[in-house]
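Chain by chain, the residues:
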Amino acid sequence: MPEPTDPFHAGERLAPTRRPPPKKPPAPPRKPPRKPRRPGLGGTLARFFVFGLYRLAFFGVIVLIVAGGIAFFVFSSGLPSVETLKTYEPPLESRVYANNFQLVSDLGSQHRIYVPYNQIPPMVAQAFISAEDRLFWVEPGINPFSIIRAGLTDISRIGSGHRPLGASTITEQVVKNMLLDNHITFATKIKEAILAMRVSSVMTKKQVLTLYLNEIYLGNNSYGIAAAAQTYFDKPLSQLDLAQAASLAALPKAPSGYDPFLHPQDALARRNFVISRILADGDITQAQANAATAEPLLPRAGAEPLSVPDAGYFADAVRAELTQRFGQDTVNQGGLIVHTSLSPHLQEAAVTALRNGLERYDRIYGGWHGLVAHVTDPDLSTNWATDLAKQTNPQGMRHGWQLAIVLTAGTDTGIIGYIDPADGSPQTGTLTRAANRWARPLLHGHPAGPLNAVSQVLHPGDVIMVSLHQGTPALEQIPNVQGGLISMDPQTGRVLAMVGGWSHDVSPYNRVIQAQRQPGSSVKPLVYLTAMEQGIQPDAPVLDAPFVQQMSNGTTYRPGNYEANFQGPVPIFHALEQSLNLATLHLAREIGLSNIATNFQNFGIVDQMPLYYPSAIGAIDTTLWKMATAYAALDEYGRQVTPTLIDSVTNPQGQVLYQAASQNCDNCNNGDPAQPPIIGYSGAQLADPDSVFQIITMMKGVALRGTGTPAVVGIPQPVAGKTGTTNNFNDAWFLGFTPGVLTGCWVGYDTPVSLGDNQTGGNVCGPIWNEYMKTALAGQPDLDFAAPPGMTLNQVPEPDGTMVTEAFKPGQTPGAQSQDSLLGGQNSLTTSNSPSPPGGTPANQIGATPPATSPTNIDKSLGGLY
């Protein structure tokens, strides 16, 4: 609209005209307010119900809070402190190692190897986390969602007889295993949750995981991941691959149910499930998961190949010493690292030699006693393989033996069935009478005539042991006779090998240490040493003639020689070589029983020697261990030697708890590099070296010309030794040594009975000693025993005129102590300073003519034979 213009003021703009605002329309008239409606009965009830629910919920929350507080107070009171977990040291078995660091045995009830967190492979740790507790790193010790899920499931199962569902986190499992017990109830689950939260507040996740992975039981007596890696895969933990780590992580859910040895298919399925969980957690790629899933299970038991075979007797002796030093709890749970002197190579040789010797004896004197079991089966010819598969191998079977079952037995042959060890196929073979003539039938426990027919000893259905030699079977049996062998380094006393019987599995009784037996003539070197200490020469004559002594009980002691003859005057060295009892007793009367007793006791073969003459020829009780200890002192020229099994003991932190006495060097710190070190060993001097060297030289004659010749056949090194045979041939001994190795052997029955006529120490133990020492001395130089300063070696005659070498002290001359000074004759060289036992024969009657008729009550059963 154009702006208005004023005609009187043309060209000027005019202000716009103001219009009044439009008038508002009048408001409509207001309606009068409506009267409120009165609520009906239904609405009143609804409002009351809602209000009641609010109030109920409010009070319910209050009740729950109060009840929860009361429950927390009730269940938390009396709970163990979690502080102990911060310094917890798991029970670790002690481990015993040989001198080449090969495992000998584990000592303890739980096989566990502790691994600190920084040595746990991350993949192994992740495998367990994925399998057991995926929220481990972020949860507060418990998983509320899992608890709710498990609770709902458990409520639905009430009355069904099922165990409550676990829903345990790794932290809860630590609490359950280490602070509570394994009984799952609602009460224990509440306690478990309370403790788990407390643990999470005082310990780091790494500490909790370390405890868990070292404490968790994974089957086959394996506690912790390192022990399980060894048990199932024969590997250290650091060498496990992904599939193997997953196999271990599969075990906590059910160690026996997922045992890969017993249930390989279930174990494989569970392992692959764990691998899929690791993949889902993003810790491996799909390619890694595929490769691990495709890997075979291949469990491989690691306990047996790791340990020294047939070392049970040695391990038991080590355990006994450790228990005495540290207590049983420390031995079983303290994780001691024990290094020993055992040589696996020599231990194997010792076991083989002893078993071969016992078998040789058993085939001569044992007869057939090798029946393992008998099967009664009408269809034996058809079912024999099934029947044989049900049989269990007896303890003590040698390597290379196996079970077989007799199918037919005739006169000259018998047919047996066995399983081919190469391919597991059933096979049959023929036993011939000609090849098994040793298996004679028994009558009252003794062989009764020759084997005239195979059917005399074998019958269809008999389960027996056989060995296969180029496919030909031969009968085998475990001998009833027993034995022991010990070998040591005489300089240090370190025991290199010890076998206490045929098999530790058959009998853990250690016949080296525990068996108290009469040593017979093996004690004679100490009798002759006593004479050498009194200045008697090795070639001095001693009377080999009847010896009669009245005993304190009124009987007459009149022993004899093994050969039942008398040689008259003989040189002392010859009396020892041929182990002449009568000459030894005449010599004992000359030098005095009390002086002999001093040497017996100082050298450790007895604590207290009875002062009666049978003691001088071995009618005392001692052990092979003690006899070897005495001979070691002889090998060391009279220096006391203490046998040791243990070199050192350390705890898991590396602290040395025990160290065996070591060698000493008096001039190693004198600052003179040009002077070679002089190495010495501790031990009291029990006898003068000159006298001991004379005995060593005489004992070399025992091995070369005397009763010990079977022991040294084919051994080039000089050997000093002595046989021992007790009355009635109950015990056979041979102990011998070179400058570097000492070995002792004993053979006999646990209940003393005769080994048989002429079964002497040389014949029975000599070959065993020989077989072992050929291994022990292999590659060793032919070193002879060094003569002490001033000692001379001179030729002297045997009774038959043969010239032999004996040792003489400074001032001694061969032949100086002649027949005019006959030991045991009327003109004796020396007179005993010790009185005869009560009722003993006066010294001036020694060598007198024996009575024409034997007196009554003569006791010929005391002392050694040979």
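Residues numbered from 1 in each chain as written. Predicted model: local features only at pLDDT ≥ 70, side-chain atom pairs only at ≥ 80, totals over all residues. Heavy atoms only, no water.

Trainee: A description of the overall build of the chain should follow, citing residues and the corresponding values.
Mentor: If you tally the helices and strands in the chain, you get 23 helices and 29 strands. Within the chain, the fraction of its 866 residues that count as buried is 49%. A sequence separation of at least 24 residues applies to 70% of the contacts in the chain between residues at least 6 apart. (Helix = DSSP H or I, 4+ residues; strand = E, 2+ residues; numbered from the N terminus. Buried < 20%, exposed > 50% of the residue type's maximum accessible area, 1.4 Å probe, protein only. Contact = heavy atoms within 4.5 Å.)

Trainee: Before we move on, could you go through the packing of aromatic side chains and cite the residues and values that matter?
Mentor: Tallied over the full model, the rule gives 13 aromatic pairs. Between Phe 128 and Tyr 212, the ring centres sit 6.3 Å apart and the planes meet at 80 degrees, which makes this aromatic pair edge-to-face. Taken together, the positions of Phe 128 in helix H3 (residues 122–132) and Tyr 212 in helix H7 (residues 205–215) put the pair 84 residues apart, joining distant regions of the chain. Each member of the pair Phe 128 and Tyr 212 is classed as buried. Consider the rings of Tyr 217 and Tyr 223, whose centres lie 4.8 Å apart with planes at 45 degrees: the pair is tilted. Taking relative accessible area as the criterion, Tyr 217 reaches 34% and is therefore assigned partly exposed. Clustering of aromatic rings is evident, with ring pairs tying together Tyr 361, Tyr 365 and Tyr 749. The lysine or arginine in question, Arg 270, covers the ring of Tyr 258, its NZ or CZ lying 5.9 Å from the ring centre. Cation over ring: Arg 589 sits above Tyr 613, and NZ or CZ is 5.4 Å from the ring centre. (Phe/Tyr/Trp six-rings, centres within 6.5 Å; stacked < 30°, edge-to-face > 60°. Lys NZ or Arg CZ within 6 Å of the ring centre and 35° of its normal.)

Trainee: So what's going on with the nonpolar core? Which residues, and what values?
Mentor: Counting residues in each nonpolar core, the largest one holds 95 residues, and the members touching the most others are Ile 572 and Phe 600. In terms of residue count, helix H21 (residues 624–635) provides more of this core than any other element does, nine residues in total. In this structure, Ile 572 is in contact with Tyr 528, Met 532, Ile 536, Gln 537, Pro 538, Asp 539, Ala 540, Val 542, Leu 587, Met 698 and Leu 823, ignoring residues within four places of it in sequence. If you look at the next biggest cluster of nonpolar residues, it comprises 53 residues, including Ile 142, Ile 170, Ile 275 and Ala 292. (Core = buried A, V, L, I, M, F, W, Y, C linked by side-chain atoms within 4.5 Å.)

Trainee: I'd love a proper account of the sheet that holds strand E25 (residues 731–737), names of residues and values included.
Mentor: One open sheet accounts for five strands, arranged E15-E14-E26-E25-E24; its pairing is antiparallel. Two strands lie at the open edges of the sheet, namely strand E15 (495–499) and strand E24 (720–725), each paired on one side alone. Here the strands of the sheet are splayed against their neighbours by 5 degrees on average, with no regard to which way each runs. In this structure, strand E14 (residues 482–488) lies alongside strand E26 (residues 742–748), joined through seven bridges in antiparallel fashion. Each residue of the ladder has a partner; that of Met 488, found in E26, is Leu 742. Against the sheet, helix H23 (residues 761–776) contacts E14, E15, E24, E25 and E26, and its axis sits at roughly 40 degrees relative to E25. (Pairing = 2+ DSSP bridges. Axes fitted to C-alpha atoms, helices over the stretch in contact; angles between N-to-C directions.)

Trainee: Break down the pattern of salt bridges for me, citing the residues and quoting the values.
Mentor: This structure, assessed with the given rule, holds 19 salt bridges. Glu 321 is paired through a salt bridge with Arg 325; the nearest N and O atoms lie 3.2 Å apart. Of this pair, Glu 321 and Arg 325 both sit in helix H13 (residues 312–326), separated by four residues, roughly a single helical turn. Where Arg 705 meets Glu 577, a salt bridge forms, and the shortest distance between an N and an O atom there is 2.5 Å. With Arg 705 in helix H22 (residues 689–705) and Glu 577 in helix H18 (residues 572–577), this pair connects stretches of sequence that are 128 residues apart. The exposure class of Glu 577 is buried, given its relative accessible area of 0%. A single salt-bridge network, built from bridges that share partners, covers Glu 359, Arg 363, Arg 398 and Glu 476. (Salt bridge = Lys/Arg side-chain N within 4 Å of Asp/Glu carboxyl O.)

Trainee: Can you break down helix H8 (residues 225–233) residue by residue, with the values?
Mentor: With nine of nine residues buried, H8 is to be regarded as a mostly interior element. Listing the buried residues of H8 in full gives Ile 225, Ala 226, Ala 227, Ala 228, Ala 229, Gln 230, Thr 231, Tyr 232 and Phe 233. Of the residues flanking the end of H8, it is Asp 234, one or two places downstream, whose phi is positive at about 55 degrees.

Trainee: How would you summarise the side chain of Arg 270 if you had to cite specific residues and measurements?
Mentor: Structurally, the position occupied by Arg 270 is in helix H10 (residues 264–280). Of the side chains bearing the opposite charge, Glu 132 lies closest to the buried Arg 270, which forms no salt bridge; the N-O distance is 4.0 Å. (Lys, Arg positive; Asp, Glu negative; His and termini not counted.)

Trainee: Tell me what's going on with a nonpolar patch on the surface, and back it up with residues and numbers.
Mentor: On the surface, Tyr 117, Leu 135, Trp 137 and Val 138 cluster together into a nonpolar patch covering about 400 Å² of accessible area. Inspection of the secondary structure puts Tyr 117 in the loop between strand E3 (111–112) and H3. Here Tyr 117 falls in the partly exposed class, since its relative accessible area comes to 30%. (Patch = residues over 30% accessible without salt bridge, like charges linked within 9 Å, V, L, I, M, F, W, Y side chains within 5 Å. Areas by Shrake-Rupley, 256 points an atom, 1.4 Å probe, with all protein chains shown as cover.)

Trainee: Outline the sheet that holds strand E2 (residues 103–107), listing residues and values.
Mentor: Judged by pairing direction, the sheet is mixed, and its five strands sit side by side in the order E2-E1-E5-E20-E21 without closing on themselves. Two strands close off the open sheet at either side, each with one partner strand: E2 and strand E21 (656–659). Each neighbouring strand pair of the sheet contributes to a mean axis angle of 15 degrees, computed without reference to strand direction. In the sheet, strand E5 (residues 337–340) pairs with strand E20 (residues 646–650) via four bridges, with the strands oriented antiparallel. Bridging from a neighbouring strand, Ile 337 pairs with Thr 650 of E20.

Trainee: Describe the state of the cysteines, with residues and values.
Mentor: Throughout this description, disulfide means a covalent bond between two cysteine sulfur atoms. Summed over the entire model, instances satisfying the criterion amount to one disulfide. At a sulfur-sulfur separation of 2.2 Å, the disulfide partner of Cys 745 is Cys 765. Residues Cys 745 and Cys 765 are joined through a disulfide that is left-handed, its torsion about the S-S bond being -80 degrees. Of the two residues, Cys 745 sits in strand E26 while Cys 765 sits in helix H23, which places them 20 residues apart along the sequence. What makes Cys 745 buried here is its relative accessible area of 0%. When its relative accessible area of 0% is taken as the criterion, Cys 765 is described as buried. (Disulfide = S-S within 2.5 Å.)

Trainee: How would you summarise the confidence of the model for the chain if you had to cite specific residues and measurements?
Mentor: Per-residue confidence for the chain gives a mean pLDDT of 85, with 80% of residues at or over 70. The low-confidence segment residues 1–17 (pLDDT under 50) makes four contacts with residues lying over four places distant or belonging to another chain. Contacts of residues 826–861 to residues separated by more than four positions or lying in other chains number 63 contacts, the stretch itself having pLDDT below 50. (pLDDT = per-residue confidence, 0-100.)

Trainee: Tell me about unusual backbone geometry, residues and numbers included.
Mentor: With the exception of glycine, the majority of residues adopt a negative phi angle, and the majority of peptide bonds are in the trans configuration. The backbone of Asn 220 sits at a positive phi, close to 50 degrees, despite the residue not being glycine. Relative to the assigned elements, Asn 220 resides in the loop between H7 and strand E4 (222–223).

Trainee: Go over the pairing of strand E7 (residues 401–409) with me, naming the residues and quoting the values.
Mentor: Along any regular strand the residues' side chains alternate between the sheet's two faces. Burial analysis of E7 places seven of its nine residues in the buried class, the great majority of the element. Alignment of E7 against strand E12 (residues 462–469), held across five bridges, turns out to be antiparallel. Bridging from a neighbouring strand, Ile 405 pairs with Val 463 of E12. Of the strand pairs in this sheet, E7 and strand E8 (residues 413–419) are connected by five bridges, and their pairing is antiparallel. Paired with Ile 405 across the two strands is Gly 417, which belongs to E8. As consecutive antiparallel partners, E7 and E8 are separated by three residues.

Trainee: Could you give me a rundown of the environment of Ser 201, with the residues and numbers involved?
Mentor: Looking at where Ser 201 falls in the secondary structure, it is placed in helix H6 (residues 186–202). Residues Ser 201 and Gly 141, spaced 60 residues apart in sequence, show a C-alpha to C-alpha distance of 8.6 Å. Separated by 2.6 Å, the side chain of Ser 201 and the backbone oxygen of Arg 198 make a polar contact. (Polar contact = N/O pair within 3.5 Å; in protein donor to acceptor, adjacent residues only side chain to side chain.)

Trainee: Residues and numbers for the pairing of strand E16 (residues 541–544), please.
Mentor: The side-chain alternation of E16 yields two buried faces, one formed by Pro 541 and Leu 543 and the other by Val 542 and Asp 544. Inspection of the sheet shows E16 paired to strand E19 (residues 568–571) by four bridges, in the antiparallel sense. Bridging across to E19, Leu 543 finds its partner in Pro 569.

Trainee: Quick rundown of the side chain of Arg 517? Include the residues and the values.
Mentor: Its place among the elements puts Arg 517 in the loop between E15 and helix H17 (524–533). Of the polar contacts made by the side chain of Arg 517, one reaches the side chain of Asp 731; its length is 2.7 Å. A polar contact is formed between the side chain of Arg 517 and the backbone oxygen of Tyr 749, at a distance of 2.7 Å.

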